[in-house]
Amino acid sequence: MYKTKLGQWQFFKNNRKPDVVNLLHLQQQRRKMGKETKFDRNGRIVNLQAYMKRKGLQHIDLLEEAQSGDLPPTLRCRTPSPPPPPALPKAIQPPDDFVLQEAYLHWSLDHPLMPPKLDTKYFEELDRYHESDAMRSVALLTHGCWLLTIGKMKEGFRLCQRGFSTIDHVLDGSAHFAVYELFGAVSRYPDPGIYKNLWSFLENLARARRVSDKLRQVLAAFSKLAHNFGLEHNVAMLQWSRRFSSTQSNGTFDGKPFDYTLIQPWDVLPMDRSYYHRYYLSQGVWTADEIPTATIHGPDGDKNVWNLRADLLIIFGNQTAWLDNRISNVALKLLEKVPSSRPQPYLHFVCLYAQALNLRARCQGSKAGCNADHKLARVLLGQAAEVQLKTWKAGKNYYETLTLLESWHREAGDDIEAEKTCAKRDGECQRAFEDLHL
């Protein structure tokens, strides 16, 4: 009785073929009008695809039978509601790299590595920095991190601790050069633990001492980067900051943008020596062939022309991976121009060092043990080490030169000379393992 009445009233439980035909016809007509279509029966979605799959039918078969007709009262046709917009986070944070770059840009505009023009005031500020505790703290950290890299853990941590005890001087207004020096020091001897602690410590210190907001933001950005990324990425961002400072004055070397990171190692010229010239290098248009006569004119005359030319030779070598055939010729011309009455030890060292690296780079791929260029490279590097020992204390730069020489001896299969070099290095650098040697 109930089924009869429901049938008379056109209430059906399942989809019927005539209904599906009408639904498809209606869907097609509405699609031509640009409307989406949704069907439901008693509040439940009607799945036309499931019906046709179950019956083994195709759209075209059913549409051929389609005629316009009324739908049963239980079937309803409507346009579906548009989907809700995608949920957005409450705040979209910029990437850590971008935060650092923006903060560094704003700070460095107020504290450029080099001034727009040479003046006595700038030199006086450099003098104050070189005599400051800020520079000493950077030197202690550099020396301590170097000791850690060669396995002198106890001595390295002791020097780093001393560096941390005076690192607050880096935040002094007149010592902003120390921030740039710090970038170079941490890049050269990166240590994960010291790196994270250094930036966190400086960030907290800057907040407590109420230093400028711009410097505080730079330190906070480095601190965040240190905790969110690995050491390699952090060092890459430090190098970016140094390159950015290089490009502010549009200087070039052999047609390429000037890059301070090519003075590598930065502190091969001991940190207690004057290197005013480095702050003006990025303002010049330099070429390799003009290195022997390069100069900078300061308010008190030419400044450090021999150290300037030595650094340009290092830049030339690193920019060409020490492969350019002109490197040795430039080095020899420089040595010829030095007056015998005014020896220039840093230039002398760099010229020998550059010739050695150039010769060794050019004999790659051949057997080092029987290669004349490789043998001469070892002789020249040994002479460069002797210049270092005679001029400065036997510190980390001397240690690294002899370490390089030891590796070249082993490369050539000369283990006897390698052991002699290693013993000489460890014996003469003993004091550098115990205290700061600039």
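Residues numbered from 1 in each chain as written. Predicted model: local features only at pLDDT ≥ 70, side-chain atom pairs only at ≥ 80, totals over all residues. Heavy atoms only, no water.

Considerations on the overall build of the protein chain
For step 1, the next point in the chain: Helix and strand counts for the protein chain come out as 19 helices and eight strands.
For step 2, the next point in the chain: Scored against the burial criterion, the 438 residues of the protein chain give a buried share of 47%.
For step 3, the next point in the chain: Within the protein chain, residue pairs in contact and separated by at least 24 positions form 72% of the contacts whose partners lie at least 6 positions apart.
For step 4, the next point in the chain: Carbon and sulfur atoms provide 52% of the accessible area of the protein chain, an area that totals close to 22,800 Å². (Helix = DSSP H or I, 4+ residues; strand = E, 2+ residues; numbered from the N terminus. Buried < 20%, exposed > 50% of the residue type's maximum accessible area, 1.4 Å probe, protein only. Contact = heavy atoms within 4.5 Å. Areas by Shrake-Rupley, 256 points an atom, 1.4 Å probe, with all protein chains shown as cover.)

With respect to the nonpolar core
For step 1, the next point in the chain: Within the largest apolar cluster, 111 residues are counted, with the highest numbers of intra-cluster contacts made by Leu182, Leu198, Trp199, Leu281, Trp286, Leu312 and Leu313.
For step 2, the next point in the chain: When residues no more than four places from it in sequence are discounted, the contact partners of Trp199 are Leu182, Phe183, Leu219, Phe222, Ser223, Ala226 and Leu238. (Core = buried A, V, L, I, M, F, W, Y, C linked by side-chain atoms within 4.5 Å.)

Remarks on unusual backbone geometry
For step 1, the next point in the chain: Of the consecutive residues Gln264 and Pro265, the connecting peptide bond is found in the cis state with omega at 5°.
For step 2, the next point in the chain: Note on placement: Pro265 falls in the loop between strand E5 (256-257) and strand E6 (285-286).
For step 3, the next point in the chain: Even without a glycine there, the phi angle at Ala321 is positive, about 55°.
For step 4, the next point in the chain: Relative to the helices and strands, Ala321 resides in the loop between helix H13 (305-319) and helix H14 (326-337).
For step 5, the next point in the chain: Among the residues examined, Ala321 registers a relative accessible area of 47% and is labelled partly exposed.

With respect to the packing of helix H17 (residues 396-411) against helix H18 (residues 415-428)
For step 1, the next point in the chain: For the pair H17 and H18, the least separation of the axes is 8 Å and the interaxial angle reads 170°. Judged by the angle between their axes, H17 and H18 are roughly antiparallel. The two elements H17 and H18 meet at a crossing, and its hand is left-handed. Every residue of H18 that contacts H17 at Tyr398, Tyr399, Leu402, Thr403, Leu405, Glu406, His409 and Arg410 is listed here: Asp415, Glu417, Ala418, Glu419, Thr421, Cys422, Lys424, Arg425, Asp426 and Glu428.
For step 2, the next point in the chain: Across the contact of H17 with H18, the residue classes tally to six nonpolar, three polar and nine charged. (Axes fitted to C-alpha atoms, helices over the stretch in contact; angles between N-to-C directions. Parallel < 35°, antiparallel > 145°, perpendicular 65-115°, else oblique. Left-handed = near helix turned anticlockwise from the far one by under 90°. Nonpolar A, V, L, I, M, F, W, Y, C, P; charged D, E, K, R; others polar.)

What about the confidence of the model for the protein chain?
For step 1, the next point in the chain: Confidence along the protein chain averages 81 in pLDDT terms, with 77% of residues attaining 70 or more.
For step 2, the next point in the chain: Averaged over each element, pLDDT in the protein chain is lowest for helix H1 (residues 2-8) (48) and highest for H14 (96). (pLDDT = per-residue confidence, 0-100.)

Observations regarding the sheet that holds E5
For step 1, the next point in the chain: The strand order across the open sheet built from three strands is E5-E4-E6, with neighbouring strands paired in mixed fashion. Each of the sheet's edge strands pairs with one partner strand only, and the pair in question is E5 and E6. (Pairing = 2+ DSSP bridges.)

Some words on the packing of aromatic side chains
For step 1, the next point in the chain: In the structure shown here, the tally under the stated rule is 19 aromatic pairs.
For step 2, the next point in the chain: Geometrically, the ring pair formed by Tyr104 and Phe244 is edge-to-face, given 5.9 Å between the ring centres and 75° between the ring planes. On the criterion of sequence distance, the pair formed by Tyr104 in helix H5 (residues 96-110) and Phe244 in helix H12 (residues 231-246) is long-range, its members being 140 residues apart.
For step 3, the next point in the chain: Aromatic pair Phe258 and Tyr260: ring centres 5.0 Å apart, planes at 90°, arrangement edge-to-face.
For step 4, the next point in the chain: In this structure Phe258 comes out as buried when scored by relative accessible area, which is 2%.
For step 5, the next point in the chain: Classification of Tyr260 by relative accessible area gives buried; the value is 2%.
For step 6, the next point in the chain: An aromatic cluster is defined as three or more aromatic residues linked by ring pairs; in this entry it consists of Tyr104, Trp107, Tyr180, Phe183, Tyr195, Trp199, Phe222, Trp240 and Phe244.
For step 7, the next point in the chain: Over the face of the ring belonging to Phe433 we find Lys152, whose NZ or CZ atom lies 4.5 Å from the ring centre.
For step 8, the next point in the chain: One cation-aromatic arrangement involves Arg309 over Trp306; the distance from NZ or CZ to the ring centre is 4.8 Å. (Phe/Tyr/Trp six-rings, centres within 6.5 Å; stacked < 30°, edge-to-face > 60°. Lys NZ or Arg CZ within 6 Å of the ring centre and 35° of its normal.)

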